[in-house]
Amino acid sequence: MKKTAVILLAFLFILSSCNSKQNKLQTTSKPSGNWYDDAVLYEVNIRQYTQEGTFNAFAQHLPRLKKLGVEILWIMPVQPISEKGKKGTLGSYYSVADYTKINPEFGTMDDFKSLVKESHKLGMKVIIDWVANHTGWDNPWITMHPEWYTKDSTGAIIPPDPDWTDVADLNYDIPEMRKAMIASMDFWLKETNIDGFRCDVAWGVPADFWDAARASFDSIKPVYMLAEDEEHTAFLHHAFQSNYAWELHHLMNDVAKGDKTAADLRNYFTKAKDKYPKGSFPMQFITNHDENSWNGTIDERMGDAADAFAVFSFTVPGIPLIYSGQEAGLNKRLEFFEKDPIDWTVNPQKADFYAKLIKLKQENTALWNGTAGGNIRFIETSAPKTLLAFKRKKGKDEVVVLLNLSDQKLSGTIKMEKTNFRNYFNNNKTEVDNTTKIIIAPWGYKVFIKTTNEG
């Protein structure tokens with residue numbers, strides 16, 4: 001009996017050790033254990049990404065995006081587009097004809113599942129755009145459940161906005177519609193194994209719906225949720241990890257035009273200090289599908305300031321976004337309702353710049369997202385309107401960012417104790433203190449990584 005007990009104990013010990021090793025292999029080294037802690041978002045416009053405009057054609061780019069350092073793919077709506085009321089030749093991705101089917105222009109459901117599977121093999125997560133606020137006019141819900149929609153005084157179903165003539169507004173006072181919407185979202189998690197949702201017009205849908213949806217998702221798998229919203233902080237208490245930093249985006253545009261200064265950016269962060277519930281964080285961007293198509297290219301809005309604000313968006317608190325073609329110097333407004341493929345030959349060297357920014361974020365925990373990263377602290381400068389200086393620190397990791405937010409060469413100083421740094425972009429080592437002259441080219445930038453004094 002003793003011998004049997006010893007053998008059994010030995011077996012249990014080995015089994016425990018194996019499980020322990022397996023758990024260690026599965027456990028991330030990130031402080032808070034979230035796969036999005038150091039992530040960068042990449043928005044995929046399937047229609048315009050390739051000449052073919054299909055899932056399979058886009059899949060050929062996955063190894064390149066993996067090499068770039070992308071960790072989360074946000075794919076614009078993949079469902080069929082309504083024909084009734086369609087705008088332009090191809091219509092809007094955001095006029096959904098059926099919540100649980102695939103847009104045949106992009107391929108088949110199996111093609112999409114294969115794309116998700118291949119992305120996962122390469123270590124990338126996939127989230128899809130979800131349109132919960134409204135549907136297209138030939139969505140089956142309209143004929144099967146017209147009571148699920150908002151109506152005017154005559155009983156006619158109406159769009160959520162007079163200009164949004166290709167969509168019909170959903171009524172969230174109807175419990176049955178809410179259940180059907182959550183079931184449709186659950187379908188994609190279960191059937192295709194996606195990793196979350198970017199929720200279009202999230203601000204038009206009640207917070208308690210999003211909370212109920214999140215509870216359902218949590219019973220299936222951990223997901224990342226991005227709200228197209230900035231004002232409803234209640235969304236961030238439970239349902240969403242991130243929202244849009246629209247105000248900061250517009251400030252960047254204004255600074256680039258000369259209408260605002262570095263001081264306005266500092267004031268923004270002072271106001272926003274307690275805005276985000278613990279663990280939540282904004283999405284930072286210098287372009288996306290809406291900005292590109294409707295408000296102008298990066299070059300149109302930011303001109304020579306574009307790279308400086310790209311550095312800014314990757315180093316301030318929040319998850320940075322790269323839009324399709326941004327890493328190739330996309331220099332045209334992509335048509336929204338027509339076929340208009342991205343020209344990938346404009347500036348392919350731009351990819352090196354974004355790869356370096358992604359690596360900067362991933363290798364420095366001070367720059368990670370939410371509570372996994374460090375807070376932002378602004379540094380006093382000799383030129384407060386043009387020289388923006390800030391640092392972020394997490395544990396022993398410290399990053400200092402300097403930006404010349406003007407079209408003139410800048411020579412100034414920053415208030416700092418003597419510290420040894422490595423210039424991230426040229427790898428030179430330097431010592432910085434209150435007397436060090438900082439010289440930065442027009443719309444230039446410097447990123448310093450703290451180092452130990454090697455004598």
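Before any of the text, the structure's been laid out above.
Q: Even after reading the chapter, I still don't get the overall build of the chain, so can you show me in this structure?
A: Across its full length, the chain holds 14 helices and 18 strands. A globule of 455 residues ought to have a C-alpha radius of gyration of about 23 Å, and the chain, at 24 Å, matches this closely. Within the chain, the fraction of its 455 residues that count as buried is 53%. Considering only intrachain contacts with a sequence separation of at least 6, the fraction spanning at least 24 residues in the chain is 70%. Accessible surface computed for the chain: about 20400 Å², of which carbon and sulfur atoms make up 52%.

Q: Would you take a moment to explain empty space enclosed by the protein for this structure?
A: In this approach, a probe sized like a water molecule rolls over the atoms, and the result shows the empty space that is left. As enumerated under the stated definition, the model contains one cavity of 30 Å³ or more in all. Lining of the largest cavity is provided by Thr287, Asn292, Ile298, Tyr323, Ser324, Gly325, Gln326 and Leu330. For the lining of the largest cavity, a count of residues per class yields three nonpolar, five polar and no charged.

Q: Whenever I open this one, the environment of Lys356 confuses me. Can you help?
A: Locating Lys356 in the fold gives a position in helix H14 (residues 350-363). Classification of Lys356 by relative accessible area gives partly exposed; the value is 32%. Sequence-wise, Lys356 and Arg266 are 90 residues apart; in three dimensions their C-alpha atoms are separated by 25 Å. When neighbours within four sequence positions are excluded, Lys356 is seen to be in contact with Tyr424 and Phe425.

Q: What am I meant to see in the packing of aromatic side chains here?
A: By convention here, two paired aromatic rings are described through the distance between centres and the angle between planes. Overall, the coordinates contain 40 aromatic pairs when judged by the stated rule. Arranged with centres 5.2 Å apart and planes meeting at 70°, the rings of Phe425 and Tyr445 form a pair that is edge-to-face. Of this pair, Phe425 sits in the loop between strand E15 (419-423) and strand E16 (429-432) while Tyr445 sits in strand E18 (residues 445-450), and the two are 20 residues apart along the sequence. Its relative accessible area of 25% is what places Tyr445 among the partly exposed residues. Positioned over the ring face of Phe353 is Lys350, at 5.3 Å from the centre of the ring. The ring of Tyr424 has Lys356 sitting right over it, with the charged end atom 4.5 Å from the ring centre.

Q: Explain the side chain of Asp229 to me, please; I cannot follow it from the model alone.
A: Within the secondary structure, Asp229 sits in the loop between strand E7 (224-227) and strand E8 (242-244). One buried charged residue, Asp229, forms no salt bridge at all, with the nearest opposite charge on Lys275 at 8.1 Å. A distance of 3.4 Å separates the side chain of Asp229 from the backbone nitrogen of Glu231, its partner in a polar contact. In this structure the side chain of Asp229 is engaged in a polar contact, spanning 2.7 Å, whose partner is the side chain of His232.

Q: Explain the sheet that holds E18 here, please?
A: What holds strands together in a sheet is hydrogen bonding between their backbones, with the strands either parallel or antiparallel. The strand order across the open sheet built from six strands is E11-E12-E13-E18-E15-E16, with neighbouring strands paired in antiparallel fashion. Looking at the sheet topology across the chains shown, the edges are occupied by strand E11 (376-378) and E16. Mean inter-strand twist for the sheet, computed between neighbouring axes without regard to direction, equals 30°. As defined by bridge partners, strand E12 (residues 387-394) adjoins strand E13 (residues 397-404) across eight bridges and the pair is classed as antiparallel. Each residue of the ladder has a partner; that of Phe390, found in E13, is Val401. Against the sheet, helix H13 (residues 306-315) touches E12, E13 and E18, its axis set at about 155° to E13.

Q: So what exactly am I meant to see when it comes to the pairing of E18 here?
A: Consecutive side chains along a regular strand alternate between the two faces of the sheet. Sheet analysis places E13 next to E18, joined by five bridges and oriented antiparallel. Across the sheet, the residue bridging to Leu403 is Tyr445, located in E18.

Q: Looking at this structure, I do not really get the pattern of salt bridges. What am I missing?
A: Charged atoms that come close allow side chains of opposite charge to pair. Applying the stated criterion across every chain, the model contains 20 salt bridges. A salt bridge links Lys359 to Glu363, with the shortest nitrogen-to-oxygen separation between them at 4.0 Å. Residue Lys359 and its partner Glu363 are both found in helix H14; the two are separated by four residues, about one turn of the helix. For Lys359, a relative accessible area of 45% puts it in the partly exposed group. For Lys391, the salt bridge goes to Glu398, with nearest N and O atoms at 3.7 Å. Residue Glu398 is classed as buried on the basis of its relative accessible area of 5%. Three or more residues joined by partner-sharing salt bridges are found here, namely Asp129, Arg198, Asp200 and Glu228.

Cut-offs used in this document
Residues numbered from 1 in each chain as written. Predicted model: local features only at pLDDT ≥ 70, side-chain atom pairs only at ≥ 80, totals over all residues. Heavy atoms only, no water. Helix = DSSP H or I, 4+ residues; strand = E, 2+ residues; numbered from the N terminus. Rg over C-alpha atoms; globule rule 2.2 N^0.38 Å. Buried < 20%, exposed > 50% of the residue type's maximum accessible area, 1.4 Å probe, protein only. Contact = heavy atoms within 4.5 Å. Areas by Shrake-Rupley, 256 points an atom, 1.4 Å probe, with all protein chains shown as cover. 1 Å grid on protein atoms, 1.4 Å probe; cavity = no way out; pocket = protein on both sides within 12 Å on 5 of 7 lines; lining within 4 Å. Points joined across faces, edges and corners; volume = space filled by probe spheres on them. Nonpolar A, V, L, I, M, F, W, Y, C, P; charged D, E, K, R; others polar. Phe/Tyr/Trp six-rings, centres within 6.5 Å; stacked < 30°, edge-to-face > 60°. Lys NZ or Arg CZ within 6 Å of the ring centre and 35° of its normal. Lys, Arg positive; Asp, Glu negative; His and termini not counted. Salt bridge = Lys/Arg side-chain N within 4 Å of Asp/Glu carboxyl O. Polar contact = N/O pair within 3.5 Å; in protein donor to acceptor, adjacent residues only side chain to side chain. Pairing = 2+ DSSP bridges. Axes fitted to C-alpha atoms, helices over the stretch in contact; angles between N-to-C directions.

As far as function goes, none of this settles anything; it's purely spatial.
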